[in-house]
Amino acid sequence: MRRRPPVVALALGIALALLAATPALAAGYRYWSFWDGAAGGQWSYATQGPSMARPADGAVQGFRFSVSKDAAAQAAQPRTAAGFEAVCGATAPAEGRKRVALVIDFGVPADAPAGDTPPEAAPRTACAQVAPDATTAEALASVAKPLRYNSAALLCAISGYPKQGCGDQVADTSAAPDASAPTQSSSAESGGGPSAGLLAGIAAVAALAAAGIWQSRRRTR
C-alpha cells in the first residue's frame, strides 16, 4: 500500500482546518420583538406574545422592529427606557379601565425592508386606556392601528409598518457594537460565501498539495 506523501497530508490537514474555521452565515430575522418594562427603566424579553399577555394597570410594554436574532440576549431592545409615569402620567385613571404605557420603536433605516422606511425616527410612546382584561395586542390596537398579523398570529406590522413581509429571515447578519441598533450585511454585499482571505488560503494549500504530488511522482520515476 503506497503511503500518502507527508506534504500532501499536511496540505489536506491545513485545508480542513481553514474550512472548519470559516464562520457560518448567521441567520437573523426582520421582525417586531416584544418586551416587558422592568424596574429601573430596563427591558426584559417577553415570554408571551402580545395576544396572550394581559398586562396589569401600570404596566409598560415595548415593541422594537429590527433585524436581530430571535433570542432574549440577542434581540434589539426599544431605544427608549421603560417608564410608566413618563408615558401615562398625564392620563387620569378611569373607573373600570387600566392604563398601559406603550413604547413603539420603528427601528433604524438599515433594518427596513427594501423600499420601505421607518415612519418615525424616534420611538413613539402612547398611553392605552383599556378594559381590565385587555391583552397587550388590544392595548396596542387602540393606539397604533393598523396592525397586521400572519396566519400564525405573528405580529407583522404596527401602524402599517412594514408594508410587507413578516419575520423574514436575513442571512449573514452581523452584530452591531450597540445591540439597540443592529446592522444588516446582505448576502449580495458579502457574496454569501467564504471570505477573500479564506479563498486565498485554500488556493495556497492547493498549490502546496500539487507541488507535493509532483515531487512525489518525480521520486518514483
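Everything quoted here is computed from the prediction, not taken from an experiment.

Here is what the cut-offs are and how they apply
Residue positions are given per chain, counted from 1 along the sequence in the order it is written. Whole-chain, interface and lining totals are the exception, using all residues; otherwise, since this is a predicted model, local features are given only for residues with pLDDT of at least 70 and side-chain atom pairs are given and counted only at 80 or more. Think of the side-chain values as coming from all heavy atoms in the structure, minus any hydrogens and water. Helix numbers and strand numbers start at the N terminus; a helix is a DSSP run of H or I with at least 4 residues, a strand a run of E with at least 2. In this description, contact between two residues means that some pair of their heavy atoms is separated by no more than 4.5 Å. To be clear on the numbers: accessible area is Shrake-Rupley with a 1.4 Å probe, and residue cover counts the displayed protein chains and nothing else. In this scheme Phe, Tyr and Trp rings, the latter by its six-membered ring, pair at centre separations within 6.5 Å, and the angle between planes marks the pair as stacked below 30 degrees, edge-to-face above 60, and tilted otherwise. Three labels apply to residues, based on accessible area from a 1.4 Å probe with only protein chains included: buried if under 20% of the type maximum, exposed if over 50%, partly exposed otherwise in between. Only a pair of cysteine sulfur atoms within 2.5 Å counts as a disulfide in this structure description. Salt bridge, as used here, is a side-chain nitrogen of Lys or Arg placed within 4 Å of a carboxyl oxygen of Asp or Glu.

### Structural notes on the overall build of the chain
Move 1: Regarding its fold elements, the chain presents 5 helices and 8 strands.
Move 2: Starting at the N terminus and ending at the C terminus, the chain contains elements arranged as α-β-β-β-α-β-β-α-β-β-β-α-α.
Move 3: Across the chain, the fraction of contacts at a sequence separation of at least 24, relative to all contacts at a separation of at least 6, is 66%.
Move 4: When the accessible surface of the chain is split by element, carbon and sulfur atoms take 57% of a total near 12,400 Å².

### Observations regarding the packing of aromatic side chains
Move 1: Overall, the coordinates contain 6 aromatic pairs when judged by the stated rule.
Move 2: With a centroid separation of 5.0 Å and an interplanar angle of 20°, the aromatic rings of Phe34 and Phe63 are classed as stacked. With Phe34 in strand β1 (residues 27–37) and Phe63 in strand β3 (residues 59–68), this residue pair connects regions lying 29 residues apart in the sequence. Accessibility classification places Phe34 together with Phe63 in one group, the buried group.
Move 3: Taken together, a centroid distance of 5.1 Å and an interplanar angle of 70° make the contact between Phe65 and Tyr161 edge-to-face. Here Tyr161 lies in the loop between β7 (155–157) and β8 (168–171) and Phe65 lies in strand β3, a separation of 96 residues in the sequence.
Move 4: A relative accessible area of 2% places Tyr161 in the buried class.
Move 5: Members of the aromatic cluster, connected to one another through ring pairs, are Trp32, Phe65, Phe106 and Tyr161.

### Considering the environment of Ile158
Move 1: Within the secondary structure, Ile158 is located in the loop between β7 and β8.
Move 2: A residue is classified by how much of its surface remains accessible, and Ile158, at 0% relative accessible area, is buried.
Move 3: Taking the C-alpha atoms as reference points, Ile158 and Trp32, 126 residues apart in sequence, are found 8.5 Å from one another.
Move 4: Apart from the residues lying within four places of it in its own chain, the contact partners of Ile158 are Trp32, Phe63, Ile104, Phe106, Leu140, Ala144, Pro146 and Leu147.

### Remarks on the state of the cysteines
Move 1: According to the stated counting rule, one finds 2 disulfides in the structure shown.
Move 2: With its sulfur 2.1 Å from that of its partner, Cys88 forms a disulfide with Cys127. Because the sign of the S-S torsion sets the handedness, a value of about 110° for the bond joining Cys88 and Cys127 places this disulfide among the right-handed ones. Note that Cys88 is positioned in helix α2 (residues 84–88) and Cys127 in strand β5 (residues 124–130), a separation of 39 residues in sequence. In terms of burial, Cys88 and Cys127 fall into one category: buried.
Move 3: Linked covalently through their sulfurs, Cys156 and Cys166 form a disulfide whose S-S length is 2.0 Å.

### Observations regarding the environment of Ala86
Move 1: Along the polypeptide, Ala86 turns up in helix α2.
Move 2: A C-alpha to C-alpha distance of 9.9 Å links Ala86 and Ala126, two positions 40 residues apart in sequence.

### Regarding the pattern of salt bridges
Move 1: All chains considered together, the criterion is met by 4 salt bridges.
Move 2: Salt-bridge contacts for Asp105 lead to Arg64; the nearest nitrogen and oxygen are separated by 3.8 Å. Highlighted residues: Asp105 in strand β4 (residues 98–105) and Arg64 in strand β3, separated in sequence by 41 residues.
Move 3: For Asp105, a relative accessible area of 0% gives the class buried.
Move 4: For Arg64, a relative accessible area of 0% translates into the label buried.
Move 5: As a salt-bridge pair, Asp105 and Arg79 come within 2.8 Å of each other at their nearest N and O atoms. Of this pair, Asp105 sits in strand β4 while Arg79 sits in the loop between β3 and α2, and the two are 26 residues apart along the sequence.
Move 6: Each of the salt bridges in this network shares a partner with another, and the network as a whole consists of Arg64, Arg79 and Asp105.

Coordinates in, geometry out; function isn't part of it.
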